[in-house]
Amino acid sequence: MSEIGEIDEGFYSRQLYVLGHEAMRRMGTANVLIAGMRGLGVEIAKNVILSGVKSVTVQDEGTAVWADLSSQFFLKESHLGQNRATCSLQQLSALNPHVRVSTHTGPLDEDLLLQFQVVVLTDSSLDDQKRFGELCHSRGIKFIVADTKGLCGQLFCDFGEEFEVLDENGEEPASAMIQSVSQANPGVVLCTDDRQHRFSDGSKVFFSEVQGMTELNSIGPVEIKDCGQYSFGIGDTSAFSQYERGGVVTEVKQPFNLQFKSLGEALLDRQLLKMNDFGKIQRHNTLHLAFQALHGFVKKEQRLPRPRSQSDADALLAMVEELNTVAKLEQLDKAAVRTLSYTARGNLAPINAFIGGLAAQEVIKACSGKFTPLRQWLYFDALECLPEEEDQLTECSLSAKGTRYDGQIAVFGPAFQEKLERQKYFLVGAGAIGCELFKNFALMGLGAGEEGQITVTDMDFIERSNLNRQFLFRAQDIGKSKSDVAAKAVREINPRMNIIAHQNRLAPDSEGVYDYNFFMGLDGVAAALDNVEARVYLDGRCVQHQKPLLEGGTLGCQGHTLVVVPHLTNSYGPDTSSSNEAIPLCTLKNFPYRIEHTLQWARDQFEGLFKQTPENVNLFLRDEGFVERTLGLGDAEALEVLGGLWSSLEVMEAGGQRPTSWKDCVSWARCKWETLYNNDIRQLLHCFPPKEVTASGLPFWAGSKKCPHPLTFDPNSTTHMEYVVAAANLYGQIFGISGTRDGASIRETLENVHVPSFTPKSSVKIHLTDKEMEEEKQPDGDEAEKARLEELKGKLASSSLKSPLMQMYPTDFEKDDDSNFHMDYIVAASNLRAENYVIPAADRHKSKRIAGRIIPAIATTTAAVAGLMCLELYKLVQGHQKISSYRTAYMYLPVTHILFCQPTQTNNFEVAGKKYTLWDGFLVEGRRGDQQEMTLGDLIQYIKEEYNLSICALYCGTAVLYMGQTERLKLSVSDVVRMFTKEDIPPHKKMLELTPSFTEDEDCETVPTIRYMRL
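The structure reproduced in this document is the subject of the present report. (Residues numbered from 1 in each chain as written. Predicted model: local features only at pLDDT ≥ 70, side-chain atom pairs only at ≥ 80, totals over all residues. Heavy atoms only, no water.)

**Remarks on the overall build of the chain**
- The helix and strand inventory of the chain stands at 32 helices and 31 strands.
- Taking 1015 residues into account, the globule formula puts the C-alpha radius of gyration at 31 Å, and the chain, at 33 Å, falls close to it.
- By its C-alpha atoms, the chain is 95 × 85 × 60 Å across when sized along the principal axes.
- Within the chain, the proportion of its 1015 residues that are buried is 55%.
- In the chain, once contacts between residues fewer than 6 apart in sequence are set aside, the share between residues at least 24 apart is 73%.
- Per element, the accessible surface of the chain, about 43,200 Å² overall, is 48% carbon and sulfur.
- Across the chain, 103 positive and 135 negative side-chain charges occur, with their mean positions spaced 3 Å apart. (Helix = DSSP H or I, 4+ residues; strand = E, 2+ residues; numbered from the N terminus. Rg over C-alpha atoms; globule rule 2.2 N^0.38 Å. Buried < 20%, exposed > 50% of the residue type's maximum accessible area, 1.4 Å probe, protein only. Contact = heavy atoms within 4.5 Å. Areas by Shrake-Rupley, 256 points an atom, 1.4 Å probe, with all protein chains shown as cover. Lys, Arg positive; Asp, Glu negative; His and termini not counted. Charge placed at Lys NZ, Arg CZ, Asp CG, Glu CD.)

**Quick look at the sheet that holds strand E15 (residues 273-274)**
- Overall, mixed pairing links the 8 strands, which are arranged E3-E2-E1-E4-E5-E6-E16-E15 in an open sheet. If you trace the sheet from one side to the other, it starts and ends with strand E3 (100-104) and E15, each paired once.
- Relative to strand E5 (residues 142-149), strand E4 (residues 118-122) runs parallel, the two being bridged by 5 bridges. Across the sheet, Leu121 pairs through a bridge with Val145, a residue of E5.
- Strands in contact with helix H4 (residues 84-93) are strand E2 (55-59) and E3; relative to E3, the strand with the most contacts, it is inclined by about 180°.
- Helix H6 (residues 126-139) contacts E4, E5 and strand E6 (152-158) of the sheet and is inclined by roughly 160° relative to E5. (Pairing = 2+ DSSP bridges. Axes fitted to C-alpha atoms, helices over the stretch in contact; angles between N-to-C directions.)

**Considering helix H15 (residues 432-444)**
- The end-to-end C-alpha distance of H15 is 19 Å, a good match for the 18 Å that 13 residues give at a rise of 1.5 Å each.
- Most of H15 is tucked away: 13 of the 13 residues are buried.
- With its phi angle positive at about 85°, Gly445 sits one or two positions after the end of H15. (Expected span 1.5 Å × (residues − 1).)

**A closer look at the packing of H15 against helix H30 (residues 859-878)**
- One way to put it is that H15 packs onto H30 with a least axis distance of 9 Å and a crossing angle of 45°. One element, H15, and the other, H30, form an angle in the oblique class. Crossing of H15 over H30 shows right-handed handedness. For the pair H15 and H30, the contacting residues are Ala432, Ile433, Glu436, Leu437, Asn440, Phe441 and Met444 in the first and Thr862, Ala863, Val865, Ala866, Gly867, Met869, Cys870, Leu873 and Tyr874 in the second.
- Counted by class, the contact of H15 with H30 contains 12 nonpolar, 3 polar and 1 charged residues. (Parallel < 35°, antiparallel > 145°, perpendicular 65-115°, else oblique. Left-handed = near helix turned anticlockwise from the far one by under 90°. Nonpolar A, V, L, I, M, F, W, Y, C, P; charged D, E, K, R; others polar.)

**What about the nonpolar core?**
- In terms of nonpolar packing, the biggest core is built from 164 residues, with Leu92, Leu151, Phe354, Phe380, Leu437, Phe441 and Leu472 touching the most fellow members.
- Here this core takes 12 residues from H30, the largest share from any one element.
- If sequence neighbours within four positions are ignored, Phe354 has contacts with Phe380, Ala863, Ala864, Gly867, Leu868, Met891, Ile898 and Phe900.
- Among the nonpolar cores identified, the runner-up in size contains 71 residues, and Ile595, Val666, Leu789 and Phe821 belong to it. (Core = buried A, V, L, I, M, F, W, Y, C linked by side-chain atoms within 4.5 Å.)

**Topic: empty space enclosed by the protein**
- Applying the stated rule across the entire model yields 3 cavities of 30 Å³ or more.
- Where the lining of the largest cavity is concerned, the elements lending two or more residues are strand E16 (377-381), H30 and strand E23 (888-892).
- With 4 residues, the top contributor of residues to the lining of the largest cavity is H30.
- Partitioning the lining of the largest cavity into residue classes produces 7 nonpolar, 4 polar and 7 charged.
- Estimated volume of the second largest cavity: approximately 80 Å³.
- Surrounding the second largest cavity, Glu511, Tyr514, Asp515, Tyr516, Arg541, Gln544, His545, His988, Lys989, Lys990 and Met991 form its lining.
- Taken together, the residues of the lining of the second largest cavity break down into 3 nonpolar, 3 polar and 5 charged. (1 Å grid on protein atoms, 1.4 Å probe; cavity = no way out; pocket = protein on both sides within 12 Å on 5 of 7 lines; lining within 4 Å. Points joined across faces, edges and corners; volume = space filled by probe spheres on them.)

**A short note on the packing of aromatic side chains**
- Per the counting criterion, the structure on display carries 42 aromatic pairs.
- Centroid distance Phe426 to Phe518: 4.9 Å. Interplanar angle 85°. Geometry classified as edge-to-face. Highlighted residues: Phe426 in strand E17 (residues 424-428) and Phe518 in helix H17 (residues 516-520), separated in sequence by 92 residues. The same class applies to Phe426 and to Phe518, which are both buried. (Phe/Tyr/Trp six-rings, centres within 6.5 Å; stacked < 30°, edge-to-face > 60°.)

**Some thoughts on the pattern of salt bridges**
- Evaluated as defined, the whole model comprises 51 salt bridges.
- One salt bridge connects Lys149 with Asp147, and the closest N-O pair in it is separated by 2.9 Å.
- Here Lys149 falls in the buried class, since its relative accessible area comes to 12%.
- Asp147 gets classed as buried once you look at its relative accessible area, which sits at 3%.
- Among the charged side chains, a network of salt bridges with common partners joins Lys280, Arg283, Asp333, Asp381, Glu384, Glu872 and Lys875. (Salt bridge = Lys/Arg side-chain N within 4 Å of Asp/Glu carboxyl O.)

**Looking at the state of the cysteines**
- Here the structure, examined in full by the defined rule, presents 0 disulfides.
- Here Cys367 is not disulfide-linked; the sulfur of Cys157 is the nearest cysteine sulfur, at 12 Å.
- For Cys367, a relative accessible area of 10% puts it in the buried group.
- Cys586 forms no disulfide, and the closest cysteine sulfur to it belongs to Cys687, at a distance of 15 Å. (Disulfide = S-S within 2.5 Å.)

**Observations regarding the environment of Asn517**
- Topologically, Asn517 is positioned in helix H17.
- Residues Asn517 and Lys990, spaced 473 residues apart in sequence, show a C-alpha to C-alpha distance of 8.3 Å.

**A short note on a negative patch on the surface**
- Where like charges cluster on the molecular surface, the negative patch consists of Glu134, Glu161, Glu162, Glu164 and Glu265.
- Mapped onto the elements, Glu161 comes out in the loop between E6 and strand E7 (163-165). (Patch = residues over 30% accessible without salt bridge, like charges linked within 9 Å, V, L, I, M, F, W, Y side chains within 5 Å.)

**With respect to the sheet that holds E17**
- Strand order in the open sheet made by the 8 strands is E19-E18-E17-E20-E21-E22-E23-E24, with mixed pairing throughout. Every other strand in the sheet has two partners, leaving strand E19 (499-502) and strand E24 (897-901) as the edge strands with one partner each. Each strand axis lies, on average, 10° off the axis of its neighbour in the sheet, ignoring direction.
- Bridge count between E17 and strand E18 (residues 453-457): 5 bridges; the pairing is parallel. Note that in E18 the partner of Lys424 across the bridge is Gln453.

**With respect to the environment of Arg404**
- Structurally, Arg404 can be placed in the loop between E16 and helix H13 (406-412).
- For Arg404, the residues in contact, after removing those within four places along its chain, are Trp66, Leu69, Ser70, Glu77, Ile493, Asn494, Pro495 and Arg496.
- Among the polar contacts made by the side chain of Arg404, one reaches the main-chain carbonyl oxygen of Ile493 at a distance of 2.8 Å. (Polar contact = N/O pair within 3.5 Å; in protein donor to acceptor, adjacent residues only side chain to side chain.)

**A closer look at unusual backbone geometry**
- A cis amide bond, omega 5°, links Asn185 with the succeeding residue Pro186.
- Summarising the element assignment, Pro186 is placed in the loop between strand E8 (175-181) and strand E9 (188-191).
- With omega at -15°, the peptide bond leading from Arg375 into Gln376 counts as cis.
- Relative to the helices and strands, Gln376 resides in the loop between helix H12 (349-368) and E16.
- Of note, the phi angle at Asp123 is positive, near 50°, even though the residue is not glycine.
- You can see Asp123 is positioned in the loop between E4 and H6.
- Residue class for Asp123 comes out partly exposed when judged on its relative accessible area of 39%.
- One non-glycine residue, Gln546, lies in the positive phi region at around 60°.
- With respect to the helices and strands, the residue Gln546 is situated in the loop between helix H18 (532-544) and strand E21 (549-555).

**Side note on a nonpolar patch on the surface**
- Together, Phe278, Ile281, Tyr890 and Leu899 line one region of the surface with nonpolar side chains, adding up to about 370 Å² of accessible area.
- Note that Ile281 resides in helix H9 (residues 281-301).

**Looking at the pairing of E5**
- Burial runs high along E5: 8 of the 8 residues are buried.
- Along E5, one buried face is formed by Lys142, Ile144, Ala146 and Thr148 and the opposite face, lined by Phe143, Val145, Asp147 and Lys149, is buried too.
- Crossover connection from E4 via H6 to parallel E5: handedness right-handed.
- As paired strands, E5 and E6 are joined by 7 bridges and run antiparallel to one another. (Right-handed = clockwise from strand over helix to strand, strands pointing away.)

See below:
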């Protein structure tokens, strides 16, 4: 970073939501040495540089060889024979302008290492690991070893005798609203039941905003005990005042210290192995010895074992067995040792991406004290990527060929390489995961042959906040198409890549491009999407066309991968995410109690004032039927829409809200402030006074109902003025009026603003629940509403309001532009409302994440996820048919928790005694040769003859095509679909999905889909 304490929030935007400002500042003081610039070293360096440490020095004495190009994405064929670190410097330096990157091409020595706070060794000997590990341990330098050999990987961390972890997992401190606190020993705190608290026995908490038992607000962190779902015990409260209402209890995160062993010591301690695939405990214990034996083999032979060499495998196994005389493992995984020997010369991009992502995350932990480090060994293997059946590969067939794929051929052989190059894949998304996948595809050679091809689509354009994790993009690419720039960057990595780049959203409206013929020409699909809706849609298309799908996603330091294999696994499936997360409207409108509520309210205000109303005005100006159509929505909604419409068209002098000058905009903003933060609150308190009690005699304002108080406008209050400045400027923008940020001139204008007086009304009804709101929504309002609507209808009929000069300029919310007043408005509007309800305010950074619905992201998780996805790709291309060969992965990198399991096998369902799966649709050719298209009767007869099932009903989506109506049987299937869906069938739609119901099993909830071909 440019200076300690100065963080480029535009560049680090998404990562800041993972690490936070304090951790980033600590990282900005760290100097990191990464030794070894082959594929694993450059992966770690890339991720660490993107993360924002002070400096990175990359060390390598070696020169580039062909096998390096299998995973070193910053080396080109023209670099062969040149120093790897020197050749990588320019590209590494371009990743992050805030990080100083330098090279060291000499050997490692003590003087060099003492210049750094973190040292990472890759591609190193065990002797060097022990020697430099002891040095670092004794001098307080954090020491990391990362290594990959073929399909196996190793990671080791030693952060010294006393390493302070400042935040165990990076989660927001748990908090809960208080319902009651007993006067007892121990006192019992009961939380409101809107959600379960996340405290546990031993957690330390502090109290705030408690009324009555105010002693709680002033005591230090309290340790809690006897946690239930909604309650917990604290110390003696018997002498405290009686609890009245309110209060928030919040977790206090406690730092703690960890002690690490040096590498020499840790080699002998198997308890330090962190397991990740519990089906492989024996294998990973064996790999701990096998990696040591491999170092011994290299020291003795001055080379790695030869691919598929039986004699070398025997020698390595003998070394492992000798080491086990000390380690005393009950059972060795001898097959894994042999496979490690056979594949040790392999250099695979996906393995390096995964281990490199994990290693870089440990560097971040070492630099920042954020998250819990690995203690201390982690082993990983993906040996299930090898052929399921015994292959015929020989030592000779795997020898180096002098190609960029030598590191991959050493594991899988030349025939598999040719098959990879022939693949036709569809990459959906060129963002963070998309860039990492694309890089791996290029290194693997996926689609790089004459017959192969990668089609990539992404509708987005590059923004500055992308640069911190979407490593194929640079500052000069901002504003350009992601898919185009990514395709160009990938061709730089591997010029043989055949890529077609699109800018289409994957959705029903792009099915003309991604039609039946497109999907049937694919070998598979990789999803790099950032929302569930798009994933579900793509998954459905893959099931429809029987294509495998690689799926992965991240949320900060959490990641998952999933592979969908036709006829073997379940699909990604429909969206099962709960809609219960939606905030009730009555909470937003009248009873907020979390900052999330006030931010959503502010966002709704923004959308209504600056987007929806201007859009309605423009619709009214160009659409003669707008008013009549709006009247059909119901009186209450029509009154709101048409009232806002008229106000925006009529000038202020005539009773409307349309400004004609900047002063009008300031006046509007000031009056809006008064309405929202004073008048509306006074009205609410008029209906429900502070001492109000419910029918059962309990306080109305209790638990999650926080009693608000009105605010009084103060031009000397920063937040008050920030609201007026932002609101006035945004209001001016939608009417084409220029504003200013000059606070002095705005204050001067405010002095002359007339703020209308307000008196609360007893006739106003305030709803307590969303159900009440719905029940009150009558299709027809009262006579007063009808009269007001008639009046508005008459006013809006005036020709003077239909002038093109009345056009407005709707505002689309954009969170990442700090000059556009959007976040200024959201932050001020939300924090003022929070002040109304005594909710702790949120700073701009937090407000932007919540209101902008930003997904926290970091390069380390993205790299690891993409690596795992490409390991599954190896299996798909080979055609693995055993479900035990595939892996679903879940990662939680803050505590290095990684879990691998088999995917879920596809579910069976039964129709008329026969079993089917979701992959077993009935494929029907609707037109054969030159024949006319099938009639509905022909289709019913065909299903009866082919599958012995009688169709009694047929649906297309929600449309009923047939329920016994004989007159429809003579119509073509396409005509029936057009007639009863009331939609035309697009020419590109070659397949119709029809859902039958069968006489033989009418109650069956799940049935095979009829995939009707219109070719």
